[in-house]
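Given next are the chains, with one letter for each unit.
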Number of protein chains: 2
Amino acid sequence: MTAKTRAEKMEETRVKLIAAGRKAFAHKGYADASMDELTASAGLTRGALYHNFGDKLGLLAAVVDEIDSAMAQKAKDAGDAAGGGWNGLMAEGRTYIELALDPEIQRIVLRDGPAFLGDPSNWPSQNRCLQATIATLGELADQGAIKSVDIEALARMLNGVALNAALWVATSDDPQATLHKAISAFECLASGVLVKQEHR
Amino acid sequence: MTAKTRAEKMEETRVKLIAAGRKAFAHKGYADASMDELTASAGLTRGALYHNFGDKLGLLAAVVDEIDSAMAQKAKDAGDAAGGGWNGLMAEGRTYIELALDPEIQRIVLRDGPAFLGDPSNWPSQNRCLQATIATLGELADQGAIKSVDIEALARMLNGVALNAALWVATSDDPQATLHKAISAFECLASGVLVKQEHR
DNA sequence: TTAATTGACATACGCGATGTATGTGAATAT
DNA sequence: ATATTCACATACATCGCGTATGTCAATTAA
């Protein structure tokens, strides 16, 4: 086998640091995570950290982006599996909320992320997710399936509901029980954008 | 007039520190707010801070409690002025959106609060704004005007929509135009919780 | 009125963590 | 083979929190 090149080793340390970051940030929270301990647990020093990510926030941004991108991908897959359209949109939302059961996601993405990195709608991963929602809503609007309200506004509000639901589940004492309530409320509110109300 | 007693002076310093906390936390965020600078801006030292509030988190809790209480009062007033019921709920939502336009509220109560103090429903203030929404929804549920979904969940989702709307408006190029879109979208989603008699 | 005591706040210190400046050795280029 | 780059380690400066201790005015008691 071929010897490791320099770029390969650097990528290796980036992966190690992000992995260590996920563990430390999830377990102790961003504020209480020591970069000395974190880098040591990866067999490195803070030198590697500041060379690769600039500062502590840089590592958090990288960790959040990795996790949030994976979340968006899973949500999109669920939407496609549900056949797209309205059912797809609901499946995306439901999946996003269910992911909030993961303690790592709860702590890093839903709690510390907004506090230390700012408004989530400015995150690269969140913007991608928003564009996907806008596209789906656009199709539904062309079909006359939803009320004539500004598409971007609807997309932002829907994502806001899902994010808020996820946050609620994340901080709940009983995540499993809260999950069902959150999903029901999400679908209830979402039904408001449909032209035809569901019969119950 | 009577000379200032000791308890009166202490209350004065508490007021000064909370006021300084609101300014510093809103402008620099909780994490980057220096207690040295904060207390100095109030003409005091960190000694007063730790004597009155125990630690940095104690001051944040006091600040959040004060703001959260004021928010609840304004929302309730708006709801009452609209005559309660569904109109009152919509008025509360609009009020919440307008309140969340305040950068101080955005940063301290809506972002740093949950991150550093934990789940808002566990705050000493018990998130009074949310409680007001829950109370109104309870009335509507008794009247059979809304779908049978968990009241707390609905309240949280509605507030989540309002929060997201406010954040969007706040960062918009044209806040006035965006505000109308946001409120329309809010009312659109909110209508999802109403039962529609004509479809039964 | 005056001496004793309380307590609200200031001052001083230790500890830990971040960020930067500098050093080093292995991989790459000439 | 020598020079150079650069990924990372090491060493250092700084800053901010929390605590321990000091101080002086306001209260209390005689």
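In this text, all values refer to a predicted model and were calculated from it rather than measured experimentally.

S.K.: Whenever I open this one, the protein's contact with DNA strand D confuses me. Can you help?
M.R.: If you check the shell around DNA strand D, you find 19 residues, and the closest are Thr-13 and Thr-45 of chain A together with Thr-5, Arg-46 and Tyr-50 of chain B. Among the atoms of DNA strand D lying within 4 Å of the protein, the sugar-phosphate backbone contributes 62%. Measuring from a phosphate oxygen of DNA strand D, one finds a side-chain N or O atom of Thr-13 of chain A at 3.0 Å. In the environment of DNA strand D, a phosphate oxygen lies 2.6 Å from a nitrogen or oxygen atom belonging to the side chain of Thr-45 of chain A. For the surface near DNA strand D, the elements supplying multiple residues, two or more each, are α1 (6-28) and α3 (46-53) of chain A together with α3 (46-53) of chain B. Of the residues in the surface near DNA strand D, the class split is six nonpolar, seven polar and six charged.

S.K.: Help me out: how do you make sense of the interface of chain B and chain A in this one?
M.R.: Note: interface size is frequently given as the accessible area lost on complex formation between the parts. Facing the 36 residues of chain B at the interface are 33 residues of chain A. Remark: the boundary between chain B and chain A carries two salt bridges. Of all the secondary-structure elements, those providing two or more residues to the side of chain B that touches chain A are α6 (103-117), α8 (151-170) and α9 (175-190) of chain B. Per element, the largest residue contribution to the side of chain B that touches chain A is twelve residues, and it comes from α8 of chain B. Class assignment of the residues belonging to the side of chain B that touches chain A gives a composition of 18 nonpolar, seven polar and eleven charged.

S.K.: Help me understand empty space enclosed by the protein, please; the structure alone is not making it clear to me.
M.R.: In this approach, a probe sized like a water molecule rolls over the atoms, and the result shows the empty space that is left. All told, the structure shown has four cavities of 30 Å³ or more when counted by the stated rule. A volume near 790 Å³ is recorded for the largest cavity. Along the walls of the largest cavity sit 39 residues, with Asn-164 and Leu-167 of chain A together with Leu-110, Pro-114 and Leu-163 of chain B positioned nearest its centre. Counting residues per element, the ones that place at least two in the lining of the largest cavity are α6 (103-117), α7 (124-142) and α8 (151-171) of chain A together with α4 (56-81), α6, α7 (128-142) and α8 of chain B. If one sorts the elements of the lining of the largest cavity by residue count, α8 of chain A sits on top with eight residues. Of the volumes computed, that of the second largest cavity is approximately 170 Å³. Taken together, 14 residues line the second largest cavity, and the ones lying closest to its centre are Gly-93, Cys-129, Thr-133, Asn-159 and Ala-162 of chain A. At five residues, helix α5 (residues 85-99) of chain A tops the list of elements feeding residues into the lining of the second largest cavity.

S.K.: Help me out: how do you make sense of the relation of the copies chain B and chain A in this one?
M.R.: One copy of the chain maps onto the second through a rotation around an axis plus a translation along that axis. Aligned on chain A, chain B shows an RMSD of 1.9 Å; the corresponding rotation is 180° and the shift along the axis is 0.2 Å. In symmetry terms, the pair is related by a two-fold rotation axis. Proximity to the rotation axis, assessed at the C-alpha, singles out Gly-192 of chain B in chain B; its C-alpha lies 1.7 Å from the axis. Of the interface residues in chain B, 86% have counterparts in chain A that sit at the interface too, so the contact is made through matching surfaces.

S.K.: Explain α9 of chain B to me, please; I cannot follow it from the model alone.
M.R.: Quick reminder: α-helices carry 3.6 residues per turn. Residues three or four places apart thus point the same way. Compared with an ideal rise of 1.5 Å per residue, which puts 16 residues at 22 Å, α9 of chain B spans 22 Å between its outermost C-alpha atoms and is within 8% of the ideal. Thr-178, Leu-179, Ala-182, Ile-183, Ala-185, Phe-186, Cys-188, Leu-189 and Ala-190 of chain B are the residues of α9 of chain B that are buried. Buried-residue contacts for α9 of chain B involve α8 and α9 (175-190) of chain A together with α5 (85-99) and α8 of chain B.

S.K.: Explanation requested: the UniProt feature "domain: HTH tetR-type" (unreviewed entry) in chain A in the structure shown.
M.R.: Taking the numbering used here, the UniProt-annotated feature "domain: HTH tetR-type" (unreviewed entry) corresponds to residues 11-71 of chain A. Strand forms 0% of residues 11-71 of chain A and helix 80%; the C-alpha atoms that close the span are 23 Å apart.

S.K.: It is not clear to me how α8 of chain B should be interpreted in this structure. Could you clarify?
M.R.: Residue and element names in this part refer to chain B. With 20 residues, α8 extends 28 Å from end C-alpha to end C-alpha; this agrees with the ideal 28 Å at 1.5 Å per step. The element α8 is largely enclosed, with a buried count of 17 among its 20 residues. If you check the start of α8, you find a side-chain oxygen 3.3 Å away from the backbone N of Glu-152, and it comes from Asp-150.

Quick notes on the rules
- Residues numbered from 1 in each chain as written.
- Chains lettered and ligands numbered in written order.
- Predicted model: local features only at pLDDT ≥ 70, side-chain atom pairs only at ≥ 80, totals over all residues.
- Heavy atoms only, no water.
- Near = heavy atom within 4 Å.
- Polar contact = N/O pair within 3.5 Å; in protein donor to acceptor, adjacent residues only side chain to side chain.
- Helix = DSSP H or I, 4+ residues; strand = E, 2+ residues; numbered from the N terminus.
- Nonpolar A, V, L, I, M, F, W, Y, C, P; charged D, E, K, R; others polar.
- Contact = heavy atoms within 4.5 Å.
- Salt bridge = Lys/Arg side-chain N within 4 Å of Asp/Glu carboxyl O.
- 1 Å grid on protein atoms, 1.4 Å probe; cavity = no way out; pocket = protein on both sides within 12 Å on 5 of 7 lines; lining within 4 Å.
- Points joined across faces, edges and corners; volume = space filled by probe spheres on them.
- Least-squares fit on C-alpha atoms with pLDDT ≥ 70 in both.
- Expected span 1.5 Å × (residues − 1).
- Buried < 20%, exposed > 50% of the residue type's maximum accessible area, 1.4 Å probe, protein only.
- UniProt positions renumbered as here; feature names shortened; annotations may be inferred.

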